[in-house]
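Descriptive analysis of the structure
The residues making up each chain are set out below.
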Amino acid sequence: FMAVTKALLEECARPGSGPEEVLSRVNTDICRNNDESMFVTCWFGIIDTVTGRMEFCNAGHGAPLVVRTGGEVEFLRTRPCMALGGIDGVKYRRETTELHMGDRLVLYTDGVTEANSDYHGFYGEERLAEKATADAGKSISEEVSSIVDDVIAFTGDAEQFDDITLFIVEYIGQGSSRS
């Protein structure tokens, strides 16, 4: 189901399409042949590499985290929209934010924030924000590894019940010498 959704996202994401159009098309296609009533949460964003303006839609996914270069942290919270595959004809809302040189966008599955420890409850958004901020000076691959290691250490011997997926994007702007 996830592979089909990914393929549909790639097919529907055409130049000039806004994120709300892409998610609406994908949702319609998923609903058309969804006899098992499955759904998938999705966060979809488009970044203008010249200006840093990002348009995005959230289809039932956890709010991404932005770690600003000055150390501020912001969750990109939106009014809830239906997950993909839930109901045909859902209207997804386009949201916008500005990314500045060096800002990092942290996307994650609920397996990160809902990772459970037998003794300490859930890993949670607050701990994720603290760890992402503390690790912001590292390379992206080091930061991802550090956060995943922290989630695993937090859960200890508790059984992992969900995937732990983390994706970090750093906005460096167009024409930057960094890669």
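The coordinates are above.
Notes on the structure in this doc start here. (Residues numbered from 1 in each chain as written. Predicted model: local features only at pLDDT ≥ 70, side-chain atom pairs only at ≥ 80, totals over all residues. Heavy atoms only, no water.)

**Some details on the sheet that holds strand S6 (residues 104–108)**
Note: strands within a sheet are paired through backbone hydrogen bonds, in either parallel or antiparallel orientation. Using the following cut-off: The pairing criterion for strands is at least two bridges between them, as found by DSSP. In DSSP terms, a helix is any run of H or I states spanning at least four residues, a strand is any run of E spanning at least two, and both are numbered starting from the N terminus. Fitted lines through C-alpha atoms serve as axes, helices being fitted only where they are in contact, and the angles separating the N-to-C directions of these axes extend from 0 to 180 degrees. Should any heavy atoms of two residues lie within 4.5 Å, those residues are counted as being in contact.
Pairing in this open sheet of 4 strands is antiparallel, and the strands run S4-S3-S6-S9 from one edge to the other. Looking along the sheet, the strands with just one partner apiece sit at the ends: strand S4 (73–75) and strand S9 (166–170). In this sheet, adjacent strand axes meet at a mean angle of 20 degrees when their direction is disregarded. When S6 meets S9, the two strands line up antiparallel, connected through 5 bridges. Pairing of Tyr 108 across the sheet is with Leu 166, part of S9. Across the sheet, helix H4 (residues 124–134) lies against strand S3 (65–67), S4 and S6, angled at about 30 degrees from S3, the strand it touches most.

**Thoughts on helix H1 (residues 2–12)**
Under the convention used in this document: The buried label goes to any residue with under 20% of its type's maximum accessible area, the exposed label to any with over 50%, and the partly exposed label to all in between, with areas taken from a 1.4 Å probe on protein chains only. Directions from the helix axis toward the C-beta atoms define the arc.
Those residues of H1 not exposed but buried are Thr 5, Leu 8, Leu 9 and Cys 12. Here the buried residues of H1 occupy an arc of 100 degrees about the axis, which is enough to place them on one side. Looking at H1, the residues exposed on the side facing more than 90 degrees away from the buried face are Ala 3, Lys 6 and Glu 10. For H1, the elements touching its buried residues are helix H2 (19–32) and strand S1 (42–47).

**Here we look at unusual backbone geometry**
Even without being glycine, Ser 37 reaches a positive phi, approximately 55 degrees. With respect to the helices and strands, Ser 37 occurs in the loop between H2 and S1. Ser 37 gets classed as exposed once you look at its relative accessible area, which sits at 59%.

**Considering the nonpolar core**
We apply this condition: For this analysis, a nonpolar core means a set of buried residues of the types Ala, Val, Leu, Ile, Met, Phe, Trp, Tyr and Cys, connected via side-chain atoms within 4.5 Å.
By size, the foremost hydrophobic cluster in this structure holds 17 residues, and its most contacted members are Leu 65, Val 106, Tyr 108, Tyr 123, Leu 128 and Ile 147. Of all the elements in the fold, those that place two or more residues in this core are S3, S6, H4, helix H5 (140–155) and S9. Setting aside its immediate chain neighbours within four residues, Val 106 contacts Pro 64, Leu 65, Val 67, Ala 132, Leu 166, Phe 167 and Ile 168. With 16 residues, the next largest nonpolar core counts Leu 8, Val 22, Ile 30 and Leu 84 among its residues.

**Points about the environment of Gly 85**
Within the element layout of this structure, Gly 85 appears in the loop between S4 and strand S5 (95–98). Linking Gly 85 and Thr 41, residues 44 residues apart in sequence, is a C-alpha distance of 9.0 Å.

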